[in-house]
Amino acid sequence: MSTTTMGTTTRRAVTRRTLLKTVGVGLGAISLAPLLSACGMIPGMGGDKLTVWTDATFAPPSDDYQTEEINKWAKSKNVEVEVTREGGDAVQQKLQAATESKQLPDISQVNDGRYTLFYPSGIFSDVSDLYAELGKAWGGYYKPAEMLATKEGKQYMLPYSLDSNLMLYRKDILDAGGVKEMPKTWDELFDVAKKLQTPPNIYGIGFQFNKAGTDAEDTFRLMMLSYGARVVNEDGKMGNVKSPEMLAFLTKLKASWDMGIYPPGVTGWDNAANNTSLQDEKTIFIHNPASPLVWFRTNKPDMLPKIGVGSVPAGPKGQFNTAYIRDGWAIMKTGNEKRMDLSKELMRHLYSKEVYRKWMELAFPAPAVTGMEDLEIWKNPQRKGFLEAVKTGILLGYPGPPTPAYSEFNTRAPLISAAARMAVEGWSPEQALEELAKTAEDVFSKYK
Amino acid sequence: MSVSGAVLRRTRYNDLTARHKEWVLGYAMLVPAFLFIIGLIAYPAAWAIYLSFTDKVIGQTEKFIGFQNYVWLTQWPNFGRMIWNTVLLAVVGVALKAFIGMTMALALNEQFHGRTVIRALLFLPWTVPAFVAGLIWRWMYDDQNGLFNWALLGLGVIGEPISWLGTTTWAMPAVMSVVVWKGFPFFAIAYLAGMQAIPSEQYEAAEVDGASAWQRFLYITLPGLRHVMLITCMLSLIWTANTFDLVFIMTRGGPSNATEVFTMLIYDQGIRNGRIGEASTAAMMAMPIFAALIIILTKYLQDKDEERV
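Residues numbered from 1 in each chain as written. Chains lettered and ligands numbered in written order. Predicted model: local features only at pLDDT ≥ 70, side-chain atom pairs only at ≥ 80, totals over all residues.

As for the overall build of chain B
Tallying secondary structure elements over chain B gives 15 helices and zero strands in all. In summary, chain B has a C-alpha radius of gyration of 26 Å against a globular reference of 19 Å for 309 residues, an excess of more than 25%. Dimensions of chain B, computed from the C-alpha atoms along their principal axes, are close to 90 × 65 × 30 Å. In chain B, buried positions account for 32% of the 309 residues. Taking contacts inside chain B between residues at least 6 apart in sequence as the whole, the part at least 24 apart equals 68%. (Helix = DSSP H or I, 4+ residues; strand = E, 2+ residues; numbered from the N terminus. Rg over C-alpha atoms; globule rule 2.2 N^0.38 Å. Buried ≥ 20, exposed ≤ 12 C-beta atoms within 10 Å, placed from the backbone. Contact = placed C-beta atoms within 7 Å.)

This is the structure:
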């Protein structure tokens, strides 16, 4: 250690005790810092810096553009912004910790599932005014976006994009087989798949029969509804799961498995496997968002015109498409009014005509607002199908409203589980129905 | 603090004997470690135990519900299967890791050209992040584009692709093979280090007495390694029973529930549904077994220390 006094340097010997004290105090401070931070005595998401948590999507150019715009806005406002973009469930995991420790980011991207899950914890600020202002500028929101964002008459999130899963299929194979259009019913779909497949090279249908492939939960839910089966009533409470309609749906699903129209590996597929099976030209039909189209555009442009997009087939009791919020923004209740105002400013920038339209051209879902139907991308029939589907799509929890109970039920992938039981373990539809009803009872009984 | 108070305290401290000052300083130095242990181990563990008796959901105030979560867990449709899968993965996985590790260590304990390079390469699976390993192996096991099916079909061993991760017959062995691949270097390195600590005179004496290689292994190497083997097996048993990332990436517990382990339920209920009370309960179910293993291990290590003293 050395000290300087009036230009002269005096060297002092460091005793063992002094050294130990210094180290002790230092270690003590280091060990106390996280505890103090956790107790809220040190601000976590610091100072005037805005923290934005976002998801990585299947369209990286749209992600990059959005981050670039956020940074551009920050520079123009002389504000420091930290944008983190992560895939999978990372944002959800971080939000859980943030909610419990009350160290919230300023803005978080929320899809409808995350919104439903976290809404009861009261971490989202009321953005009804901004919601109305932005909606007015864009000519309003599509109905599903409005229904999803509105809780007890108020909005706590700003919907940005809506998405739907549609049937993507090999138009060239259908044409060669003399099939003029996407099959209209499940029976027709299974028959066409059987007729046109050439296993082991190309199989008929790429639906996942495995819980890792959550796309299929959506597929089977739509099929279930089209057979007239319901898990919940219109009030969102559990309905009659063990119905003849549910049994008819499961019986049809089992019959389709027995037809040998799925690749044998679907029982082990994850959420990307159906995409890759179409991209690798191994299946004729899949049910998915538009992400494979983005992939084809970049990686196999010659294949893109050979891909058809069609509605989900109908069952004996109707036809359903789904709609969900893929991207939305929530401004968190951080208690810092200045940062919350800045967050609103940033939202206005992301919803500005120039930024929002450009982002939409790079991304693959449909917008949440109605004022973008003149975009060039909707002239492409492949993309137009998705825009049309989200306008009339049903929400998770149909015929009831989206609820945390249905979210948890859906998370358990009960329909995929039933399908896997029948396909992998040879269960009968009656056995699968029994387990499905038990799962529903187990989940919904907690939310009474 | 007033000046007089500070002076008084200073005086009291100065009145202490040198031995007492050392004693005070010693305990003061323990404070940071103590805080870390309380903050990062004791508090979270106690909190997790408490949460398992509550209906805690993220962001909401919890309510004490006694053993309801434990009852709920035992009635979980796949409860028995989950226990079986977890035990199978841990016990068979550790046994295989120990066997392969021992074989590798015995081979690498011999003198041959390139031994140093091979020893370094042996570490490789251990150093690959589980996430990356899971993705690589998932691709190798892929039924449509995977390496194994491509090779076996090319060699004419199989007539049609095998769905390695999609059938109940193959899924668990496939997952276990990756768990073993990732974990055996730990055993090999530990055993190798243990072998090098065995005095070479014992082997020389045994050779003079006409002991065969197998007898030398059985009566010198194995007894010499028993402490290392116990520690590695116990540690690995705890780690393997807590395997999550590899199962999550490769099968997510499927097909059906053929590879579903406890950690999957913890993830689904805790992370995806925010039901921390239920997730904590699932985590707590295995705690008595792990605690017993840890107590045995700690006691064993303490006894070893006392033996040395």
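Side note on the pairing of strand β9 (residues 166-170) of chain A
On any regular strand, side chains alternate: one points to one face of the sheet, the next to the other face. Residues and elements named next belong to chain A. β9 sits mainly inside the fold: five of its five residues count as buried. In the sheet, β9 pairs with strand β11 (residues 283-288) via four bridges, with the strands oriented antiparallel. Its bridge partner being in β11, L168 is matched across the sheet by I286. Bridge analysis of β9 against strand β12 (residues 307-310) gives four bridges, and the strand direction is antiparallel. Along β12, the bridge assignment pairs L168 with V309. (Pairing = 2+ DSSP bridges.)

Description of helix α2 (residues 60-77) of chain A
All names here are of chain A. Helix length check: α2 (18 residues) gives 26 Å between terminal C-alpha atoms against 26 Å at 1.5 Å per residue, within 8%. Within α2 the residues assigned to the buried category are S62, Q66, I70, W73 and A74. On an axial view of α2, the arc spanned by its buried residues comes to 115°, and they lie on one face. Away from its buried face by more than 90 degrees, α2 exposes D64, E68, N71, K72, K75 and S76. At its buried positions, α2 is contacted by β3 (50-55), β4 (81-86), α13 (337-350) and α14 (353-362). Remark: N78 follows α2 within two positions and exhibits a positive phi of approximately 55°. (Expected span 1.5 Å × (residues − 1). Arc of directions from axis to C-beta.)

With respect to the sheet that holds β4(A)
Residue and element names in this part refer to chain A. Read from one edge to the other, the open sheet built from six strands follows the order β4-β3-β5-β13-β8-β14, with strand pairing classed as mixed. Strand pairing shows two members of the sheet lacking a second neighbour, β4 and β14 (366-367), which therefore form its edges. Sheet topology note: the strand β8 (residues 158-163)/β14 ladder contains two bridges and is antiparallel. Residue pairing for β14: S161 is matched across the bridge by P367.

Section: the interface of chain B and chain A
When the parts of a complex come together, some accessible area is lost, and that lost area is often taken as the interface size. Tallying the contact residues gives 34 residues for chain B and 41 residues for chain A. Going through the elements one at a time, α2 (18-51), α9 (168-196) and α13 (262-272) of chain B are the ones with two or more residues in the side of chain B that touches chain A. Counting residues per element, the side of chain B that touches chain A draws most heavily on α2(B), which supplies eight residues. For the side of chain B that touches chain A, the per-class residue count stands at 14 nonpolar, 15 polar and five charged. (Nonpolar A, V, L, I, M, F, W, Y, C, P; charged D, E, K, R; others polar.)

Observations concerning the environment of A:D112
All names here are of chain A. The topology assignment puts D112 in helix α4 (residues 112-118). Residue classification places D112 among the buried residues on the basis of 26 C-beta atoms within 10 Å. Each C-alpha atom of the pair D112 and A323 lies 9.9 Å from the other, and the pair is 211 residues apart in sequence. Residue contacts for D112: discarding those within four places in its chain leaves L148, Y324, I325, L396 and P402.

Remarks on the nonpolar core
Residues and elements named next belong to chain A. Grouped together as the largest cluster of nonpolar side chains are 127 residues, with contacts concentrated most on M157, A193, F209, M224 and A419. If you tally residues by element for this core, the top one is helix α17 (residues 414-424), at eight residues. If you count residues domain by domain, this core takes at least three from each of domain 1 (50-164 + 324-390) and domain 2 (166-320 + 412-447). Contacts of M224, omitting those with residues within four sequence positions, involve A229, M246, F249 and L415. (Core = buried A, V, L, I, M, F, W, Y, C linked by C-beta atoms within 7 Å. Domains from an automatic or database assignment.)

What about the confidence of the model for chain B?
This prediction gives chain B a mean pLDDT of 89; 94% of its residues lie at or above 70. Our summary of model confidence lists the complex with pTM equal to 0.81 and ipTM equal to 0.76. (pLDDT = per-residue confidence, 0-100.)

Regarding the domain arrangement of chain A
Residues and elements named next belong to chain A. For chain A, the assigned domains read domain 1 (50-164 + 324-390) and domain 2 (166-320 + 412-447). In this assembly, 11 residues from domain 1 lie in contact with eight residues from domain 2. Looking at the side of domain 1 that touches domain 2 element by element, the count peaks at five residues for helix α15 (residues 381-392). Broken down by class, the residue content of the side of domain 1 that touches domain 2 amounts to six nonpolar, three polar and two charged.

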